[in-house]
Every structure is written in structure tokens, then in C-alpha cells.
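Breakdown of the fold
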Amino acid sequence: CSGNVFTIPRKIAKEKGLEKYFTGKTCRNGHLCKRYTESYVCVKCAKSSHKKYINGNREKANKYRRDLEVMNPEKKMFNSSKNRSKKSNLPFSIKIEDIIIPEFCPYLGIPIIKRIAGIGRSDNSPSLDRINPSKGYVPGNIEVISDRANRIKNNGTAEEHLLIGTRMKDNQ
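Residues numbered from 1 in each chain as written. Predicted model: local features only at pLDDT ≥ 70, side-chain atom pairs only at ≥ 80, totals over all residues. Heavy atoms only, no water.

Here the largest pocket defines a volume of roughly 1,200 Å³. Lining the largest pocket are 25 residues, with His50, Tyr64, Asn79, Asn83 and Lys86 positioned closest to its centre. For the lining of the largest pocket, the secondary structure elements donating two or more residues are helix 2 (43-56), helix 3 (58-71) and helix 4 (73-88). By residue number, the principal contributor to the lining of the largest pocket is helix 4, which donates nine residues. (1 Å grid on protein atoms, 1.4 Å probe; cavity = no way out; pocket = protein on both sides within 12 Å on 5 of 7 lines; lining within 4 Å. Points joined across faces, edges and corners; volume = space filled by probe spheres on them. Helix = DSSP H or I, 4+ residues; strand = E, 2+ residues; numbered from the N terminus.)

Written out as C-alpha cells, the structure reads:
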């Protein structure tokens, strides 16, 4: 849990605007972890408490998630991409401000429609794309495109897409 960290007093962490700090001491539950600057709570205890809350309030948590998608799709895409980058061990250094939803999909030209309450994803939903998938979620390597374009782009190379496009055009 502690990793490669140096001890730092909470006061200095607060002055530097750090989200977390490390005391070098265990918390009341015996975790040797960083602590959140604002709350003193260790990271492991906070995660455990959050999981307990979510499991005990599943409907409320699901409503919050759905509302977040409608009210702030950029934040939803940011959080989802951060989780995907952790699971896939990809670089992640974007900020929410880097996620800009255009009016039209840059690939297909179709309108991008932010999610409407009660309606799930559609071909026109915004989707965060990594231009070069191996570079991860870094500034300059992401763009918001339509969900349909991202699904089409997902598994093929540019050459494969050209071959398929040429064949489809020939068959019209």
C-alpha cells in the first residue's frame, strides 16, 4: 500500500496542494498507507468504507452514476478512462478539461448527442478514443468521437479499414 514514498507532514502537504500525504505510521486499522490530506483517512480505509457504502446503497449509487452520465459526460468519460488505464496498465495524464465533446463526429460527420435521461447509449453517443491505443490516455492522443465510429475503429488497422471500405464501395 505504501509503495515508494517519503514521509511528509500533513501541514506541508496541504500547503503544497497535495491530495495525499504519507506519515510513515499505521492507521487505526493497521494500514501503512498514504492518507487523504483533507480528511486524515488512509487510502485503504477510505476504499473499504466506500465499497461498504456502495454495497449498502446500490440503487442510490446506480442513480448517481446514471445522473453523472447525463449531467457531466466529460467527467464520466474521464473516470471510465482512468479506470481502464489502471486495469490495462496504460499511461494516464489527461484532465477533464482535455475532454471536449464536438457537435459532430470527426470521422462520420454524424451529430454527437450527449446522453438523455432514461435512454441508453446510441450510435451518436460521445465516446473517448485513443488515437494511438498504445500511447494511453495522454494529452494530444485522445479525441471524442461517436460511439459508432469508435466501435468501427476498435479492432482494425487503417489498412484493413481501407480494404473493407474499398470492397464495400465496389459492391454497391
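Taken together, Tyr107, Leu108 and Ile152 make up a surface patch of nonpolar side chains, about 280 Å² in accessible area. Residue Leu108 is classed as partly exposed on the basis of its relative accessible area of 41%. (Patch = residues over 30% accessible without salt bridge, like charges linked within 9 Å, V, L, I, M, F, W, Y side chains within 5 Å. Areas by Shrake-Rupley, 256 points an atom, 1.4 Å probe, with all protein chains shown as cover. Salt bridge = Lys/Arg side-chain N within 4 Å of Asp/Glu carboxyl O. Buried < 20%, exposed > 50% of the residue type's maximum accessible area, 1.4 Å probe, protein only.)

Right, let's talk about the nonpolar core for a bit. Of all hydrophobic cores here, the largest spans 14 residues; its most connected members are Met77, Ile94, Ile99, Leu128, Tyr137, Ile142 and Val144. Those elements giving two or more residues to this core turn out to be helix 4 and strand 4 (142-146). (Core = buried A, V, L, I, M, F, W, Y, C linked by side-chain atoms within 4.5 Å.)

It is worth spelling out the pattern of salt bridges at this point. Applying the stated criterion across every chain yields a total of four salt bridges. For Lys114, the salt bridge identified is with Glu74, shortest N-O distance 3.6 Å. Here Lys114 is found in the loop between helix 4 and strand 3 (126-130), whereas its partner Glu74 is found in helix 4, with 40 residues between them in sequence. Look at Glu74 and you get buried, because its relative accessible area is 17%. Across the pair Asp129 and Lys153 runs a salt bridge whose closest N-O atoms are separated by 2.5 Å. Here the residue Asp129 occupies a position in strand 3, and Lys153 occupies one in helix 5 (residues 147-153), the gap between them amounting to 24 residues.

With that settled, consider helix 2. Taking 1.5 Å per residue, 14 residues should reach 20 Å; helix 2 reaches 20 Å between its end C-alpha atoms and fits that length. All buried positions along helix 2 are accounted for by Val43, Cys45 and Ile54. Buried positions in helix 2, seen along its axis, are confined to an arc of 165° and lie on one side of it. Within helix 2, the exposed residues directed more than 90 degrees away from the buried face are Lys52, Asn55 and Gly56. Packed against the buried residues of helix 2 are strand 1 (20-21), strand 2 (35-36) and helix 3. (Expected span 1.5 Å × (residues − 1). Arc of directions from axis to C-beta. Contact = heavy atoms within 4.5 Å.)

All right, on to a positive patch on the surface then. On the surface, Lys20, Lys34, Lys47, Lys51, Lys82 and Lys86 cluster together to form a positively charged patch. Residue assignment for the positive patch shows that the elements contributing at least two residues are helix 2 and helix 4. For Lys86, the location among the structural elements is in helix 4. (Lys, Arg positive; Asp, Glu negative; His and termini not counted. Charge placed at Lys NZ, Arg CZ, Asp CG, Glu CD.)

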